[in-house]
Amino acid sequence: MDSQQRSLCFISLAFLFITCSSAEFLIQQVTQGRGTENNSSYSLDANLGVTRVLRDERPSSKIVTIAGYSVIKGRGEPYESSVFEAAGYKWRIVLYVVGNANDGGAGYISLYVRIEETESLPFGWELNNVDLKLFVHNPKLNKYLTVTDGALKRFNGVKKESGFGQLIALSTFENTNEGYIVQDTCSFGAEILIVKPAEVQEKVTFISNPPDNVFTWKILRFSNLEDKFYYSADFLVGDRYWRLGFNPKGDGGGRPHALPIFLFAQGFGPNTVATNTWGAVNLRLKNQRSTNHRQIYSAAWYPIRSGYGVGVNNIILLADLNDASKGYLVNDAIIFEAEMVKVSVTNIVSV
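The model shown is predicted, which means the values in this text are computed figures rather than measured ones.

**Q** Got a sec to walk through the overall build of the protein chain? Specific residues and values, please.
**A** Counting its secondary structure elements, the protein chain contains four helices and 21 strands. Evaluated residue by residue, the protein chain yields a buried proportion of 40% over its 351 residues. Sequence separation of 24 or more characterises 68% of the internal contacts of the protein chain that already satisfy a separation of 6 or more. Roughly 19700 Å² of accessible area belongs to the protein chain as shown, and the carbon and sulfur atoms make up 51% of that amount.

Following this line, the structure appears as structure tokens:
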């Protein structure tokens, strides 16, 4: 019995050891898959926003090429580039080929930019809204690995340097199949831009029942009209001029049995901002003997160009129109009406 108990105890201990070892292995794999190291100085949260994409264009600010990477491979001290100008300031690139251990960079290439010649800047200087992208050239693909975190950087007398401790893993960078080192040569780059926040904005407002929003158009001698489009005079509602249009012989799917009516957007009023315009309208064929008007509702974005029309091909059948008892055609005249129930106006205002 004692022998059996010892065997069971041994098996349990062995299972516990294997389980713990497997768990440790799994934890290491997940951690490495996220591009992190088991390093107390590194915070995973600080790296979540970093993106790495390949692009064709060269960096616009600075490129540093190392012809003879094997000479400095494994060296801990950083390489500092010559001073270059970007966005109106002076900078250097700072490269750690074995990673900056103080920034969680062990096992990675670390790359930074540092602002220089700040003694000429005013006392208490601060440079905000710096859009920083860092690069590694891949000659094999003829592309640049572009690394950014999307956050605008701030430089001042205390913080003169910014970049990425984990630009690219050394295991990837030094792998000849990846293509970052060709004939013992590699290149790094930086792109530095200052984002100027917008001071004004384009504000689109929708106005219900704007002033002077009803336009009436009476067409005389209807029976003498030809087979073509006729247009009303232009009328101004909101930022824009509008007009009505129709073909007395019909249009589209309504031809030749129905009467169409369309609202057309035209030019813009004085001192207005030319943009797409929202137009919501009640289009009516008025009954001249009662309130039994024919009406349709139409709403659309009208493009900037003039002459774009929206409406219907059949506000009334021509048979009903020509029926004198219906009251729509009286003394050979019809009356269209446009009630602009909602329009957009656009203004440039301060943010």
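The structure having been displayed, the exposition proceeds.
**Q** Help me get a handle on the environment of G309, residues and values and all.
**A** Along the chain, G309 falls in strand β20 (residues 308-317). Sequence separation between G309 and G245 is 64 residues; the distance between their C-alpha atoms is 8.3 Å.

**Q** I'd like to hear about the side chain of N282, residue by residue, with values.
**A** In this fold, N282 is placed in strand β18 (residues 277-285). Judged by its relative accessible area of 12%, N282 is buried.

**Q** Describe a nonpolar patch on the surface, with residues and values.
**A** On the surface, V204, F206 and W301 cluster together into a nonpolar patch covering about 280 Å² of accessible area. Tracing the backbone through its elements, the reader meets F206 in strand β12 (residues 200-208). Classification of F206 as partly exposed rests on a relative accessible area of 41%.

**Q** I'd love a proper account of the pattern of salt bridges, names of residues and values included.
**A** For the coordinates displayed, the defined rule picks out 18 salt bridges. Here E77 and R75 are joined by a salt bridge, their closest N and O atoms 2.8 Å apart. Salt-bridge contacts for K286 lead to E337; the nearest nitrogen and oxygen are separated by 3.5 Å. Pair noted here: K286 is in the loop between β18 and β19 (294-302) and E337 is in strand β21 (residues 334-350), with a separation of 51 residues, a long-range link. One continuous salt-bridge network, built from bridges that share partners, spans E80, R92, R114, E116 and E161.

**Q** Residues and numbers for the pairing of strand β5 (residues 89-96), please.
**A** Of the pairings in the sheet, the one linking strand β3 (residues 79-80) to β5 comprises two bridges and is antiparallel in character. Looking across to β5, one finds that E80 is bridged to V94. The sheet contact formed by strand β4 (residues 84-86) and β5 spans three bridges and is antiparallel. Bridging across to β5, F84 finds its partner in W91. Hairpin remark: β4 followed by β5, antiparallel, with two residues in the connecting loop; positive phi at A87, about 55 degrees. When β5 meets strand β6 (residues 108-116), the two strands line up antiparallel, connected through seven bridges. Its bridge partner being in β6, W91 is matched across the sheet by I115.

**Q** Describe the nonpolar core, listing the residues and the values that go with them.
**A** In this structure, W91, I109, V113, L167, F173 and F188 are the most contacted members of the largest nonpolar core, which totals 34 residues. Ranked by residue count, the leading element in this core is strand β7 (residues 126-138), at five residues. Residues in contact with F173, not counting those within four places in the same chain, are Y69, I109, V136, I168, Y180, I181, C186 and F188. Membership of the second largest hydrophobic core comes to 33 residues, among which are V237, L259, A300 and L321.

**Q** Lay out the packing of aromatic side chains in plain terms, naming residues and giving numbers.
**A** If you walk through the whole model with that rule in mind, you get 20 aromatic pairs. Relative to F246, the ring of W217 has its centre 5.6 Å away and its plane inclined at 70 degrees; by these criteria the two rings are edge-to-face. Within this pair, whereas W217 is found in strand β13 (residues 214-219), its partner F246 is found in strand β16 (residues 240-246), the two being separated by 29 residues in sequence. By the burial criterion, W217 is buried, and F246 matches it. Where F229 meets F264, the ring centres are 6.4 Å apart and the plane angle is 90 degrees; that geometry is what we call edge-to-face. Residue F229 is found in the loop between β13 and β14 (230-231), and its partner F264 is found in strand β17 (residues 258-268); the two are separated by 35 residues along the sequence. Residue F229 is classed as partly exposed on the basis of its relative accessible area, which comes to 25%. Judged by relative accessible area, F264 falls into the buried class, the value being 10%. The rings of Y69, F173, Y180 and F188 are connected pair by pair, giving a single aromatic cluster.

**Q** Tell me what's going on with unusual backbone geometry, and back it up with residues and numbers.
**A** Here the residue pair R255 and P256 is connected by a cis peptide bond, since its omega of 5 degrees sits within 30 degrees of zero. The topology assignment puts P256 in the loop between β16 and β17. Unusually for a residue other than glycine, A87 sits at a positive phi of about 55 degrees. Structurally, A87 can be placed in the loop between β4 and β5. Given a relative accessible area of 36%, A87 falls into the partly exposed group. The backbone phi angle of N331 is positive, close to 55 degrees, even though this residue is not glycine. In this fold, N331 is placed in the loop between α4 (318-321) and β21.

Conventions and cut-offs
- Residues numbered from 1 in each chain as written.
- Predicted model: local features only at pLDDT ≥ 70, side-chain atom pairs only at ≥ 80, totals over all residues.
- Heavy atoms only, no water.
- Helix = DSSP H or I, 4+ residues; strand = E, 2+ residues; numbered from the N terminus.
- Buried < 20%, exposed > 50% of the residue type's maximum accessible area, 1.4 Å probe, protein only.
- Contact = heavy atoms within 4.5 Å.
- Areas by Shrake-Rupley, 256 points an atom, 1.4 Å probe, with all protein chains shown as cover.
- Patch = residues over 30% accessible without salt bridge, like charges linked within 9 Å, V, L, I, M, F, W, Y side chains within 5 Å.
- Salt bridge = Lys/Arg side-chain N within 4 Å of Asp/Glu carboxyl O.
- Pairing = 2+ DSSP bridges.
- Core = buried A, V, L, I, M, F, W, Y, C linked by side-chain atoms within 4.5 Å.
- Phe/Tyr/Trp six-rings, centres within 6.5 Å; stacked < 30°, edge-to-face > 60°.

Keep in mind these values describe shape, not function.
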